[in-house]
Amino acid sequence: ARQRGRNHIEFYSPDAWRRARRRLDIEHALRGALEHEEFSLAYQPLIDLSRHAVCGIEALLRWHHPELGSCAPDEFIEIAEATGDIVGIGEWVVREACRQAAAWDAAGLEFGRMSVNVSAVQLRDPGFAQRVLEACVDTGWPATRLELEITESALLLDTDALWACFDVLQGAGIGLSIDDFGTGFSSLSYLSRFPVGRLKIDRSFISELAGAGGTGRAVAVTRAIIQLGKALRMQVLAEGVESSADEQLLREYGCDEVQGYLYSRPLPPREMARWLQDQAK
Ligand code: C2E
Ligand code: CA
Ligand code: CA
Ligand code: CA
């Protein structure tokens with residue numbers, strides 16, 4: 001009984017209580033967030049290493065709630081996935097990113113593709129692929145210039161429905177990339193079966209690549225992923241590039257594309273437009 005009593009006290013420690021409270025607050029606030037237009041997108045450029053030019057933009061979700069303040073996607077996305085709210089939110093993200101991309105394109109800004117993060121929960125929703133195509137049609141953004149970033153865990157579903165979804169996306173020319181690559185399960189034979197065109201090496205490896213903190217492990221994993229990409233005829237992008245030393249190494253290893261603070265932080269739309277204009281000069 002004593003033992004149980006102790007566990008009981010531990011479970012309801014002030015810290016655990018605060019965390020549970022915060023989760024409930026977020027869950028509740030998320031319900032009205034779309035309707036109250038509390039979401040926005042930040043944009044980060046993707047850079048082609050051989051041309052040293054922008055080849056795409058990743059849209060990253062931002063949420064500001066009047067009482068909770070700004071809440072990071074790493075905190076609220078997981079909760080939105082658990083409640084199912086991510087389906088509606090994710091649809092808004094695709095539409096808004098396509099709308100913005102089409103507007104920039106019409107204004108003569110060049111940036112290549114627009115890349116959007118998609119959760120496994122969205123892929124599981126039967127109407128998903130169709131709604132993505134509708135977003136392209138409605139906004140006038142060509143499907144061939146849209147890419148969806150999914151995580152390795154999304155491929156674990158491996159159901160008929162997932163394959164049907166990929167068929168629709170692929171048929172329309174929408175690209176697929178694997179995000180946070182190297183951190184998930186990934187059986188390699190498995191990976192090659194999916195219509196994936198690009199691997200994004202997770203930031204955790206890139207941050208340990210160069211400098212005093214450099215580890216042999218990160219170098220080995222990074223090089224292995226780049227080689228794997230080549231063998232499977234996929235493009236490889238390294239995220240979280242913060243120094244020119246990182247860039248130099250990635251160039252040596254044969255990495256195709258990079259993304260990170262070295263080039264630009266994720267920016268609000270106006271600043272992103274200005275960044276693109278400056279690049280074109
Ligand atoms: P991610 O897709 O891996 O996105 C990259 C994250 O790394 C972003 O964090 C970005 O701001 C950050 N980052 C980029 N360059 C650097 C760098 O050089 N150094 C460092 N330290 N960080 C860098 P953010 O915007 O907080 O997003 C976190 C995660 O939330 C994303 O990771 C993604 O998994 C998820 N997420 C963001 N937007 C969406 C969305 O619209 N839908 C879904 N389902 N998930 C999203
Ligand atoms: Ca991503
Ligand atoms: Ca990542
Ligand atoms: Ca991530």
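- If you check an unreviewed UniProt entry, the chain appears there as Diguanylate cyclase (GGDEF)-like protein from Luteimonas terrae.

**Quick word on the coordination of the calcium ion (ligand 2)**
Part 1 of the argument: On the protein side, the calcium ion (ligand 2) has Glu58 (OE), Asn117 (OD1), Glu149 (OE), Asp179 (OD) and Asp179 (OD) as donor atoms, found 2.1 to 3.2 Å from it.
Part 2 of the argument: Separating the calcium ion (ligand 2) from the calcium ion (ligand 3) is a distance of 5.8 Å. One end of the pair, Asn117, is in strand S4 (residues 113-117); the other, Asp179, is in strand S6 (residues 175-181), with 62 residues separating them in the sequence.
Part 3 of the argument: Judged by relative accessible area, Asn117 falls into the partly exposed class, the value being 27%.
Part 4 of the argument: By relative accessible area, which is 7% here, Asp179 ends up buried.

**Overview of the pairing of strand S5 (residues 146-151)**
Part 1 of the argument: Counting buried positions along S5 gives five out of six residues, so the element sits mostly inside the fold.
Part 2 of the argument: In this structure, S4 lies alongside S5, joined through four bridges in parallel fashion. Residue pairing for S5: Asn117 is matched across the bridge by Glu149.
Part 3 of the argument: Sheet analysis places S5 next to S6, joined by five bridges and oriented parallel. Within the sheet, the bridge partner assigned to Thr151 lies in S6 and is Asp179.

**Quick word on the coordination of the calcium ion (ligand 4)**
Part 1 of the argument: On the protein side, the calcium ion (ligand 4) has Asp180 (OD) and Asp180 (OD) as donor atoms, found 2.5 to 3.2 Å from it.
Part 2 of the argument: The two metals, the calcium ion (ligand 4) and the calcium ion (ligand 2), are separated by 5.7 Å.
Part 3 of the argument: Considering the arrangement of structural elements, one finds Asp180 in strand S6.

**Concerning the site of ligand 1**
Part 1 of the argument: Close contacts around ligand 1 come from 21 residues, with Arg62, Asp179, Arg203, Glu242 and Tyr261 the closest.
Part 2 of the argument: Asn117 places a polar side-chain atom, nitrogen or oxygen, 3.0 Å from an oxygen atom of ligand 1.
Part 3 of the argument: Against a free-state accessible area of 800 Å², the protein chains account for coverage of 86% of ligand 1.
Part 4 of the argument: In a pocket analysis with a 2 Å cut-off to the grid points, ligand 1 is assigned to the largest pocket.
Part 5 of the argument: When contributions to the shell around ligand 1 are tallied by element, the ones reaching two or more residues are strand S2 (53-65), helix H3 (73-83) and S6.

**Thoughts on the side chain of Glu149**
Part 1 of the argument: In this structure, Glu149 sits in strand S5.
Part 2 of the argument: On the basis of relative accessibility, which here comes to 2%, the residue Glu149 falls in the buried class.
Part 3 of the argument: A polar side-chain atom of Glu149 sits 2.8 Å from a polar atom in the side chain of Ser115.
Part 4 of the argument: Ignoring any residue separated from it by four or fewer positions in sequence, one finds Glu149 in contact with Glu58, Ser115, Val116, Asn117, Val118, Ser177, Asp179 and Lys200.

Definitions and cut-offs
Residues numbered from 1 in each chain as written. Chains lettered and ligands numbered in written order. Predicted model: local features only at pLDDT ≥ 70, side-chain atom pairs only at ≥ 80, totals over all residues. Heavy atoms only, no water. Donors = N, O, S within 2.8 Å, 3.2 Å for Na, K, Ca; no water. Helix = DSSP H or I, 4+ residues; strand = E, 2+ residues; numbered from the N terminus. Buried < 20%, exposed > 50% of the residue type's maximum accessible area, 1.4 Å probe, protein only. Pairing = 2+ DSSP bridges. Near = heavy atom within 4 Å. Polar contact = N/O pair within 3.5 Å; in protein donor to acceptor, adjacent residues only side chain to side chain. Areas by Shrake-Rupley, 256 points an atom, 1.4 Å probe, with all protein chains shown as cover. 1 Å grid on protein atoms, 1.4 Å probe; cavity = no way out; pocket = protein on both sides within 12 Å on 5 of 7 lines; lining within 4 Å. Sits in = over half its atoms within 2 Å of the grid points. Contact = heavy atoms within 4.5 Å.

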